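# Structure at a glance
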Amino acid sequence: KVFSTENVFRIPSRHGVTFDIPGLEIVVLKPEDSRIPEKYPLPEIVKDYRERLFGEQQNTSLLYQRITDWRPSKNSKTRVDQRQRVLASLRENQNSRAAIISVWNPVEDVESDHPISPVSACFRIFGDELHLILVARSIDVWTGLVPELLAFSQLLTDTAVDLGLRQTKLRYYAFSAHV
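The structure contained in this document is the topic of the report that follows. (Residues numbered from 1 in each chain as written. Predicted model: local features only at pLDDT ≥ 70, side-chain atom pairs only at ≥ 80, totals over all residues. Heavy atoms only, no water.)

### Things to note about the pairing of strand β4 (residues 120–126)
Among the seven residues in β4, five count as buried, and that is most of the element. Relative to β4, strand β3 (residues 100–102) is paired through three bridges, and the arrangement is antiparallel. Paired with S102 across the bridge in β4 is S120. As paired elements, β4 and strand β5 (residues 129–140) share seven bridges and run antiparallel to each other. Directly across from A121, in β5, lies its bridge partner L134. Taken together, β4 and the strand that follows it, β5, pair antiparallel across an intervening segment of two residues, in which G127 is found at a positive phi of about 65°. (Buried < 20%, exposed > 50% of the residue type's maximum accessible area, 1.4 Å probe, protein only. Helix = DSSP H or I, 4+ residues; strand = E, 2+ residues; numbered from the N terminus. Pairing = 2+ DSSP bridges.)

### Describing a nonpolar patch on the surface
A cluster of nonpolar residues, V17, F19, W142 and V179, forms a patch on the protein surface that exposes about 380 Å² of accessible area. By the secondary structure assignment, V17 is in strand β2 (residues 16–28). (Patch = residues over 30% accessible without salt bridge, like charges linked within 9 Å, V, L, I, M, F, W, Y side chains within 5 Å. Areas by Shrake-Rupley, 256 points an atom, 1.4 Å probe, with all protein chains shown as cover. Salt bridge = Lys/Arg side-chain N within 4 Å of Asp/Glu carboxyl O.)

### A few points about the sheet that holds β4
Taken in spatial order, the six strands line up as β1-β2-β6-β5-β4-β3 in an open sheet, and their pairing is mixed. The outermost strands of the open sheet, each flanked by one partner alone, are β1 (9–13) and β3. Sheet twist, expressed as the average angle between the axes of neighbouring strands with direction ignored, equals 25°. Each of β3, β4 and β5 touches helix α3 (residues 82–92); the most contacted strand, β3, lies at about 165° to it. Each of β2, β4, β5 and β6 (167–178) is contacted by helix α5 (residues 141–162), which is oriented at about 160° to β5, the strand it contacts most. (Axes fitted to C-alpha atoms, helices over the stretch in contact; angles between N-to-C directions. Contact = heavy atoms within 4.5 Å.)

### Points about the nonpolar core
Residues L63, L90, F123, L130, F152, L170 and Y172 are the most contacted members of the largest nonpolar core, which totals 36 residues. Mapped onto this core, the elements with two or more residues apiece are β2, α1 (43–54), α2 (62–68), α3, β4, β5, α5 and β6. By residue number, the principal contributor to this core is α5, which donates seven residues. When near neighbours in sequence (up to four residues on either side) are disregarded, L170 contacts I26, V27, V28, P31, L132, L149, F152, S153 and L156. (Core = buried A, V, L, I, M, F, W, Y, C linked by side-chain atoms within 4.5 Å.)

### Some thoughts on the pattern of salt bridges
Within the structure shown, the criterion is met by eight salt bridges. In this structure, R171 and E25 form a salt bridge, with 3.4 Å as the shortest nitrogen-oxygen distance. Of this pair, R171 sits in strand β6 while E25 is found in strand β2, placing the two residues 146 residues apart along the sequence. A salt bridge links R83 to D162; the nearest nitrogen and oxygen atoms lie 2.7 Å apart. Placement of R83 in helix α3 and of D162 in helix α5 is noted, with a sequence separation of 79 residues between them. Ionic contacts of the salt-bridge type, sharing partners, join the residues R66, E108 and D109 into one network.

Now the structure itself:
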């Protein structure tokens, strides 16, 4: 059971009325199966999202830049490849609690018309399984949730391969999901 009608709220937003589900949790048991759901009506959005993380759109993708070239501000000389830091952290200490990618930048995102999502990703190894705990600020169920789950499932699977792990699990939390 993903949610019940008891925790769905009808609220106004800048784009019209939405139906909001606060505190949505999804557990993806087989992230390695990143096929687009058979009846999903927007496969081009999945393709676009994947292109931002793994394809030709990396150079212009804010999400990719935040993951691989984090800067506290646009003019900062400090730069961090967070994915490489996650890999190094987990190789050094399998039980690391510091294998975190922070995507949200309050200086840029609080006032943005299109704030980034997800806001953070935490990679943890439990036994011989790599877990990804992904946290989103707010996600549209049709246009954002499926593409985000599939793209981050691929990132999780790729990271597991880099670490020599075969089993993966993705936990996805959204402060708010809306339709």
